[in-house]
Amino acid sequence: MGDDRYRPLFETKRAKGTALYRVFAGSIFIGICLIWAFRVKHLPREGEDGRWVWIGLLAAELWFGFYWFLTQAHRWNQVYRRTFKDRLSQRYENELPGVDIFVCTADPVIEPPMMVINTVLSVMAYDYPPEKLSVYLSDDAGSHLTFYALSEASQFAKHWIPFCKKFNVEPRSPAAFFDSISNSQDSKQAKELAIIKLYEDMKDRIENAAKIGRLPEEVHLRHKGFSQWDSYSSRNDHNTILQILIDGKDPNAKDMEGCALPTLVYLAREKRPKYPHNFKAGAMNALIRVSSEISNGQIILNVDCDMYANNSVAVRDALCFFMDEKKGHEIAYVQFPQNFGNITKNELYSSSMRVISQVEFHGLDGYGGPLYVGTGCFHRRDTLCGRKFSRETKNEFRIATDREREEKAHALEDKLKVLANCAYEENTEWGNEMGLKYGCPVEDVITGLSIQCQGWKSVYFNPERKAFLGVAPTTLAQTLVQHKRWSEGDFQILLSKYSPAWYANGKISLGLQLGYCCYCLWASNCLAALYYSIIPSLYLLRGISLFPECSSPWFLPFAFVAISKLAYSLAEFLWSGGTVLGWWNDQRIWLYKRTSSYLLAFIDTIAKTLGLNSDSAFVITTKVSDQEVYNRYGKEIMEFGASSPMFTALATIALINLVCLAGLMKNVAMEESIARIYETMLLQVVLCVMLVLINWPLYQGLFLRKDNGKMPNSIAIKSIVLALSVCTCFTFWT
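Parameters at a glance
- Residues numbered from 1 in each chain as written.
- Predicted model: local features only at pLDDT ≥ 70, side-chain atom pairs only at ≥ 80, totals over all residues.
- Heavy atoms only, no water.
- Helix = DSSP H or I, 4+ residues; strand = E, 2+ residues; numbered from the N terminus.
- Rg over C-alpha atoms; globule rule 2.2 N^0.38 Å.
- Buried < 20%, exposed > 50% of the residue type's maximum accessible area, 1.4 Å probe, protein only.
- Contact = heavy atoms within 4.5 Å.
- Lys, Arg positive; Asp, Glu negative; His and termini not counted.
- Charge placed at Lys NZ, Arg CZ, Asp CG, Glu CD.
- Patch = residues over 30% accessible without salt bridge, like charges linked within 9 Å, V, L, I, M, F, W, Y side chains within 5 Å.
- Areas by Shrake-Rupley, 256 points an atom, 1.4 Å probe, with all protein chains shown as cover.
- Salt bridge = Lys/Arg side-chain N within 4 Å of Asp/Glu carboxyl O.
- UniProt positions renumbered as here; feature names shortened; annotations may be inferred.
- Core = buried A, V, L, I, M, F, W, Y, C linked by side-chain atoms within 4.5 Å.
- Expected span 1.5 Å × (residues − 1).
- Polar contact = N/O pair within 3.5 Å; in protein donor to acceptor, adjacent residues only side chain to side chain.
- Pairing = 2+ DSSP bridges.
- Axes fitted to C-alpha atoms, helices over the stretch in contact; angles between N-to-C directions.
- Parallel < 35°, antiparallel > 145°, perpendicular 65-115°, else oblique.
- Left-handed = near helix turned anticlockwise from the far one by under 90°.
- Phe/Tyr/Trp six-rings, centres within 6.5 Å; stacked < 30°, edge-to-face > 60°.
- Lys NZ or Arg CZ within 6 Å of the ring centre and 35° of its normal.
- Right-handed = clockwise from strand over helix to strand, strands pointing away.

A. Looking closely at the overall build of the protein. Per the secondary structure count, the protein includes 26 helices and 12 strands. Since a compact globule built from 734 residues should have a radius of gyration of about 27 Å, the 28 Å found for the protein is in line with a globular shape. By its C-alpha atoms, the protein is 90 × 60 × 60 Å across when sized along the principal axes. The buried share of the protein, reckoned over its 734 residues, is 57%. Put simply, of all contacts in the protein between residues at least 6 apart along the chain, 84% involve residues at least 24 apart. Charge-centre separation for the protein: the mean point of 79 positive side chains lies 3 Å from the mean point of 76 negative side chains.

And the structure:
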């Protein structure tokens with residue numbers, strides 16, 4: 001027993017092949033240096049034609065090389081984790097800490113109540129002692145429909161939780177589970193179960209209420225919680241609404257098998273027009289305060305409302321890190337990857353973030369831990385409340401005593417509303433030294449960085465069975481808007497006092513510092529990518545070569561770096577479980593993000609820094625699509641449909657390259673020698689052809705499609721005029 005006590009609860013293994021990869025990376029770095037040397041050596045002299053274009057290419061290539069160097073932090077020191085849940089149970093089954101789970105929603109239209117309660121039910125059914133589990137739903141819309149759905153779920157949970165434990169159900173989201181068995185051999189037997197009828201009846205009641213936008217009078221009378229909406233004005237102007245739907249400390253709170261139920265709490269914090277509400281960060285901080293007086297779980301898990309629990313033992317996985325005797329006291333949070341259940345086979349919009357979750361975060365884990373990404377993350381409560389790491393810190397988890405459970409949770413409702421009031425945080429450290437940080441669209445990243453800078457470590461755990469599954473964007477517009485918010489927030493961090501470039505210097509490892517900078521510089525990629533995707537193609541129209549000739553030895557480093565990087569990128573993507581076509585789609589979205597989302601994020605951030613724009617809106621990604629859009633998504637047909645300035649930029653760039661390639665072909669047909677073009681401009685031609693091929697879905701949306709998902713006519717006309725104007729002016733410009 002004594003020896004067993006010191007066996008670790010988790011193990012860490014280094015990735016294989018690291019030395020071989022470092023040799024490969026070193027060869028690419030030599031190639032990049034030779035490219036830089038070529039640009040400097042052949043730089044046109046002062047007054048010579050093309051000098052500034054050449055300098056622009058040198059600047060772009062310097063940036064590409066520098067950014068490639070930053071990405072090596074993700075690949076240089078990868079580690080993989082394994083947990084031993086059996087050891088955890090043997091040692092601590094009777095001493096497991098309380099776990100508070102925060103689910104955040106903000107709009108009942110784009111985050112439907114049925115989706116929200118499926119997430120809530122999935123985490124309520126975790127394989128964990130229910131008396132130590134508390135689930136909190138933060139509803140920033142203050143919607144009575146969402147509250148109604150949660151009250152219905154609180155009744156259904158009495159049937160669903162024992163059903164999950166009796167039949168060892170996976171996943172424990174009712175919608176996901178019933179969908180998974182719908183085509184199985186057991187579907188007929190499953191449909192005879194009373195649990196499905198209970199779920200369908202609940203679903204009908206909730207969706208009917210959502211459809212008409214109001215609740216029947218008898219529903220209002222059935223639950224006292226609805227009286228809190230009597231003073232409700234609007235989603236941005238209402239009192240705090242707090243309701244404990246299930247009190248896990250109440251001995252009468254039992255499921256149909258007579259077992260205890262988890263605590264379930266609804267919270268809509270106070271909103272007033274004159275007070276900033278700080279978006280999701282403000283909601284999370286209100287939950288931290290309120291939960292500390294109801295359950296005060298020492299571990300906090302937060303998930304987005306679309307991110308249901310897909311692995312019922314994920315809590316125990318996380319606790320293997322926190323409760324390890326030798327290393328657990330150093331760990332502030334355990335981050336699970338973001339995975340999605342609606343990804344198409346070839347990942348049309350590259351929404352799986354496959355390489356990030358399968359490669360890059362493992363690399364960051366080797367340097368002290370991954371970023372906090374805002375969902376699927378288990379935290380120590382005290383680190384979120386500002387506690388700094390100390391080597392003398394002991395890994396102790398306090399067990400709630402009977403004395404602490406004397407006060408009924410329902411008696412706390414009115415008393416605790418003040419903790420979620422608008423004015424509560426005035427003249428306090430909330431949003432600064434306590435809780436999640438304010439003032440940034442990516443409050444999660446900046447909060448995680450500040451925790452790590454206080455001496456704590458974090459852990460990345462990617463189990464074989466995905467811990468959480470969410471809803472990925474199903475249109476190009478949703479994807480680009482989402483990445484604009486992420487890249488804008490990350491860039492704001494870089495320019496803020498919390499910048500990993502200087503705030504984190506000396507506080508975290510250099511590798512982790514470079515890893516943070518890699519994401520914080522997403523938006524800055526726009527300039528080099530924009531230049532490289534336009535200028536070389538335009539110079540094809542004038543027959544001017546910007547790259548070395550095929551017969552020149554300088555041709556080799558360009559060819560080697562391009563081919564090696566693309567080949568490794570493909571191999572990495574396939575190793576991560578993707579497909580060849582999925583990789584091609586990933587390259588397309590890579591280009592689209594850098595020439596639209598990142599461009600607007602860069603402009604907006606610079607404007608805000610200069611005081612020209614003060615808005616930092618938190619844009620919620622739509623979680624629902626109409627059936628026609630969803631059908632096209634399932635067929636992997638790119639969705640344009642809506643008008644957007646980002647679409648104008650993408651279409652204009654795509655058409656510029658198409659016109660340039662057409663102009664080159666015309667010149668070849670009329671007068672140019674193919675041999676001369678092959679010898680002098682092969683790299684330029686290949687680049688232009690690749691850009692045209694990668695934009696094929698965009699050309700389809702502009703000219704070939706007739707459905708509602710095609711590019712809007714206004715954007716098509718605008719982009720055609722812009723592209724032709726640019727090409728015409730450039731052709732006759734001397």
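B. Seen up close, a nonpolar patch on the surface. Side chains of Leu658, Trp696, Phe703, Leu704, Ile720 and Leu724 sit close together on the surface and give an oily, nonpolar patch of about 540 Å² of accessible area. Looking at the nonpolar patch, the elements with two or more residues in it are helix 25 (696-704) and helix 26 (713-731). The dominant element in the nonpolar patch, judged by the number of residues it contributes, is helix 25, at three residues. Its place among the elements puts Leu724 in helix 26.

C. Broad picture of the UniProt feature "transmembrane region" (unreviewed entry) in the protein. Those residues carrying the UniProt feature "transmembrane region" (unreviewed entry) are residues 20-40, 52-70, 521-541, 553-575, 646-665, 677-695 and 715-733 in this numbering. In residues 646-665, the share of helix is 100% and the share of strand is 0%. The end C-alpha atoms are 29 Å apart. Across residues 715-733, the secondary structure splits into 89% helix and 0% strand, with the terminal C-alpha atoms separated by 26 Å.

D. Fine view of the nonpolar core. If you look at the biggest cluster of nonpolar residues, it comprises 214 residues, and the most contacted ones within it are Tyr126, Trp160, Val334, Phe378 and Leu476. The dominant element in this core, judged by the number of residues it contributes, is helix 5 (residues 144-167), at 12 residues. Not counting residues within four places of it along the chain, the set of residues in contact with Val334 comprises Ala318, Phe321, Phe322, Gly376, Cys377, Phe378, Val459 and Phe461.

E. Region of the structure containing helix 23 (residues 645-670). A rise of 1.5 Å per residue sets the reference length of helix 23, with its 26 residues, at 38 Å; its end C-alpha atoms lie 37 Å apart and thus fit the reference within 8%. For helix 23, the N-terminal capping position is held by Ser644, with its side-chain oxygen 3.1 Å away from the main-chain nitrogen of Met646.

F. Main features of the sheet that holds strand 7 (residues 299-304). The strand order across the open sheet built from eight strands is 5-6-4-3-7-10-9-11, with neighbouring strands paired in mixed fashion. Of all strands in the sheet, those with a lone pairing partner are strand 5 (241-246) and strand 11 (457-460), marking the two edges. The mean inter-strand angle of the sheet, taken between neighbouring strand axes irrespective of direction, is 20°. Pairing analysis gives three bridges linking strand 9 (residues 331-335) to strand 10 (residues 377-380), with the strands arranged antiparallel. Looking across to strand 10, one finds that Gln335 is bridged to Cys377.

G. Representation of helix 8 (residues 194-212) within the structure. End to end, helix 8 covers 28 Å across 19 residues, agreeing with the expected 27 Å (1.5 Å per residue, within 8%). In the stretch just after helix 8, Gly213 is the one whose phi turns positive, near 80°.

H. View of the UniProt feature "binding site: UDP-alpha-D-glucose" (unreviewed entry) in the protein. Summarizing the sequence annotation, UniProt attributes the feature "binding site: UDP-alpha-D-glucose" (unreviewed entry) to Glu111 and Asp140 in the numbering used throughout. What stands out for the annotated residues spanning 30 residues is how close their C-alpha atoms remain, the widest pair being 11.4 Å apart. Along the chain, Glu111 falls in the loop between strand 3 (99-105) and helix 4 (113-124). Given the relative accessible area of 9%, Asp140 is considered buried. Each residue touching Asp140, except ones within four places of it in the same chain, is listed here: Thr105, Ala106, Arg235, Arg269, Lys271, Phe279 and Ala283.

I. Seen up close, the pattern of salt bridges. Applying the stated criterion to the full structure yields 29 salt bridges. Note that Arg51 is salt-bridged to Glu46, the shortest N-O span being 3.6 Å. Look at Glu46 and you get exposed, because its relative accessible area is 66%. Where Arg75 meets Glu572, a salt bridge forms, and the shortest distance between an N and an O atom there is 2.8 Å. Of this pair, Arg75 sits in the loop between helix 2 (51-71) and strand 2 (79-83) while Glu572 sits in helix 20 (residues 555-575); the two residues are 497 residues apart in sequence, bridging distant segments of the chain. Owing to a relative accessible area of 11%, Arg75 belongs among the buried residues under this scheme. Given the relative accessible area of 9%, Glu572 is considered buried. Put simply, Glu11, Lys13 and Arg82 are held in one network by salt bridges that share partners.

J. Here's a closer look at the packing of helix 6 (residues 174-181) against helix 8. It is at 12 Å that the axes of helix 6 and helix 8 come closest, and there the two elements cross at 125°. Considering their axes alone, helix 6 and helix 8 lie oblique with respect to each other. In this structure, helix 6 meets helix 8 at a crossing whose hand is left-handed. Between helix 6, through Pro174, Ala175 and Phe178, and helix 8, the contact on the second element is made entirely by Ile195, Ile196 and Tyr199.

K. A look at the packing of aromatic side chains. The tally for this structure, following the rule as stated, stands at 44 aromatic pairs. Judged by centre distance (5.5 Å) and plane angle (35°), the ring pair of Phe24 and Tyr568 falls under tilted. Residue Phe24 is found in helix 1 (residues 18-41), and its partner Tyr568 is found in helix 20; the two are separated by 544 residues along the sequence. Its relative accessible area of 25% is what places Tyr568 among the partly exposed residues. Pairing Trp229 with Tyr266 gives two aromatic rings, centres 5.8 Å apart and planes at 45°, and the pair type is tilted. Of this pair, Trp229 sits in the loop between helix 9 (217-222) and strand 5 while Tyr266 sits in strand 6 (residues 263-268); the two residues are 37 residues apart in sequence, bridging distant segments of the chain. Each member of the pair, Trp229 as well as Tyr266, carries the same accessibility label: buried. Put simply, the rings of Phe38, Trp54, Phe64, Tyr532, Phe547, Trp554 and Phe558 touch in pairs and so form one group of aromatic residues. If you follow Arg39 out to its NZ or CZ, it ends over the ring of Trp54, 4.6 Å from the centre.

L. View of the pairing of strand 3. The buried fraction of strand 3 is high, at seven of seven residues. Alternating positions in strand 3 separate into two faces, Val99, Ile101, Val103 and Thr105 on one and Asp100, Phe102 and Cys104 on the other, with burial throughout. At this point the chain moves from strand 3, through helix 4, to the parallel strand 4 (residues 133-139), and the crossover so formed is right-handed. Taken together, the six bridges between strand 3 and strand 7 define a ladder with parallel strand orientation. Residue pairing across strands places Val103 opposite Val303, the latter belonging to strand 7.

M. Seen up close, the environment of Thr240. With respect to the helices and strands, the residue Thr240 is situated in the loop between helix 9 and strand 5. Judged by its relative accessible area of 6%, Thr240 falls in the buried class. If sequence neighbours within four positions are ignored, Thr240 has contacts with Gln228, Leu267, Ala268, Arg269, Glu270, Lys417, Ala420 and Asn421. A polar contact is formed between the side chain of Thr240 and the backbone oxygen of Ala420, at a distance of 3.3 Å. Of note is the side chain of Thr240, whose polar atom sits 2.9 Å from the side chain of Asn421.

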